[in-house]
Amino acid sequence: MNEVTTIDRTQREYSAAVKKALARKPQLFINGEWVDSSGDATIDVEDPSSGKVVSSFVEATDKDVDRAVAAARVAFDDERWRGMPPIAREKIMHRLADLIEAHADEFAELEAIDVGKPKGMAAMIDVPGAVAHIRYMAGWAGKINGETIAPYTMPGGMMFAYTLKEPVGVCAQIVPWNFPLLMACLKIAPALAAGCTTILKPAEQTSLTALRLADMVMEAGIPAGVVNIITGYGHTGGDRLVKHPDVDKVAFTGSTEIGKLINKNATDTLKHVTLELGGKSPVVVMPDVDVAETAPGVSQAIFFNSGQVCVAGSRLYAHKSVFDKVVEGMAETAEFWAPRASLDPTAHMGPLVSAEQHERVMGYIDAGKRDGASVLMGGDVPSSDGGYYVNPTILTDVNPQMSVVREEIFGPVVVAQRFDDINDVVKEANDTQYGLAAGVWTKDVSAAHRIASKLQAGTVWINCHAMIDTAIPFGGYKESGIGHEQGRLGLEAYLETKAVMMKL
């Protein structure tokens, strides 16, 4: 991509509140207080807009993990949270949401510095989304009910039977680095509404907002031990959590590869498992679309959050009659999506989260070129004095055997393909191990619903993309996950059903 304008990618100065948060002593939040680790290892925090180390946090030891689980276990067993009147739990959850909202600007800035996403995007999407998840699930706290059931094989009046919905117990919740605060609240909220206790482990790349969230948990009045937050690596602290005998449920969002490993490890103790995993989401553009509206829409589907989104529209299938116009329209968005430093108020896309992710994405782009793909836009790195920037990229002349078509890149890279027959494109769209999401762009309402019914995906968007709402269940088909989050199904994932029968 040839940059239309010269962009200064120097990171802006941090606010006083954020400087204070970055300067805090590396500690863990266990049993309602900040505690020192039993070890002395720490992990550096890098600002991906500059590549500079700006803070550090604890690398939790096995002893730290055990201490957090023990605190959650005691808090669950003595019923200090689940035994509260539901109205009291609901009020406390609303108080937590209010506190996050009151510190919204600080949370957005921390998220921008930690992940590399534009602060404006974090302020518009991440922070309000986190608040919404807590408020929505708070409303469920007083609406968890069983039912009375008339036995089928017994005479009437012989037996009184009913079910109870009870919290599943101690939950290990492991969240990814692309939406750290949003994912943390998405996990914590249903667990709290159900009456569970939790140990949250944020990603080792992005733990800043989770640590600040712990302050809000304490201030909101959530009892000690109900929410514990530990930092560290997935293969050490995360693995310890998953295998811990006192953990009843594991909820994980991340890659399919790690999700499979977590599912295997949780099997030894038959823990409840919810997995929201990877995707390679197809976007089907029909011939009747308004290209002027569609091209920016499908661009946003892939370039939003630098393509670091599990539901990113990374496989574009445009009808041959509009293909050229659609990809040309996408190319015209180059300046809009040109990466900038995360605190630049004009930024719509920032850097990738880390040097490792930068290398991964550029490796895929290079592999695509070697395999014969043509670069319509981007495919390179913009000029900067530091930071992990990649220009938004459109690859054409691709085929289903290429790694860029089959594998999740998790970067601002879309592979664009033509189609002629609707049955063929549905077959191609479904030709993947993943089934997290998909998109359809058309003015034909009937066609939209027919295609949506045939796509093997947990969510299908029509004339939009990545529209997430806390009331709408979210989950994946095939290797994109197990179970659901959000909505009533997201709450049910934290509940056990108990049947009670009494002879009259």
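Above this text you will find the structure in question.
Before going into details, it helps to say that this report is about the structure given with it.

The rules behind the values
- Residues numbered from 1 in each chain as written.
- Predicted model: local features only at pLDDT ≥ 70, side-chain atom pairs only at ≥ 80, totals over all residues.
- Heavy atoms only, no water.
- Pairing = 2+ DSSP bridges.
- Helix = DSSP H or I, 4+ residues; strand = E, 2+ residues; numbered from the N terminus.
- Axes fitted to C-alpha atoms, helices over the stretch in contact; angles between N-to-C directions.
- Contact = heavy atoms within 4.5 Å.
- 1 Å grid on protein atoms, 1.4 Å probe; cavity = no way out; pocket = protein on both sides within 12 Å on 5 of 7 lines; lining within 4 Å.
- Points joined across faces, edges and corners; volume = space filled by probe spheres on them.
- Nonpolar A, V, L, I, M, F, W, Y, C, P; charged D, E, K, R; others polar.
- Salt bridge = Lys/Arg side-chain N within 4 Å of Asp/Glu carboxyl O.
- Buried < 20%, exposed > 50% of the residue type's maximum accessible area, 1.4 Å probe, protein only.

Considerations on the sheet that holds strand 18 (residues 437-441)
Sheets are built from strands paired through backbone hydrogen bonds, the pairs being either parallel or antiparallel. Strand order in the open sheet made by the 7 strands is 14-15-16-13-12-18-19, with mixed pairing throughout. Whereas interior strands pair on both sides, the edge strands pair on one side only; in this sheet they are strand 14 (374-377) and strand 19 (459-462). The sheet shows a mean angle of 25 degrees between the axes of neighbouring strands, taken without regard to direction. Across 3 bridges, strand 12 (residues 282-285) lies against strand 18 in parallel orientation. Looking across to strand 18, one finds that Val283 is bridged to Gly439. On top of the sheet, helix 11 (residues 323-331) reaches strand 12, strand 13 (315-319), strand 14, strand 15 (393-396) and strand 16 (413-419); it is set at about 165 degrees to strand 16, its chief contact.

A closer look at empty space enclosed by the protein
Inspection of every chain in the model, using the stated rule, returns 6 cavities of 30 Å³ or more. Roughly 90 Å³ of internal volume is contained in the largest cavity. If you go around the largest cavity, you meet 14 residues; those closest to its centre are Ala21, Arg24, Ser55, Leu208 and Leu211. Elements with a minimum of two residues in the lining of the largest cavity: helix 1 (16-22), strand 4 (52-58) and helix 7 (208-220). Class assignment of the residues belonging to the lining of the largest cavity gives a composition of 8 nonpolar, 3 polar and 3 charged.

Here's the deal with the pattern of salt bridges
For the structure shown, the criterion picks out 28 salt bridges. In this structure, the salt-bridge partner of Glu106 is Arg212, at a minimum N-O distance of 2.6 Å. Here Arg212 lies in helix 7 and Glu106 lies in helix 4 (residues 104-115), a separation of 106 residues in the sequence. Judged by relative accessible area, Glu106 falls into the buried class, the value being 10%. A salt bridge links Lys498 to Glu166, with the nearest nitrogen and oxygen atoms 3.2 Å apart. Of this pair, Lys498 sits in strand 24 (residues 495-503) while Glu166 sits in strand 6 (residues 159-167), placing them 332 residues apart in sequence. When its relative accessible area of 37% is taken as the criterion, Lys498 is described as partly exposed. Connected through salt bridges with shared partners, the residues Arg24, Glu106, Arg212 and Asp215 form a single ionic network.

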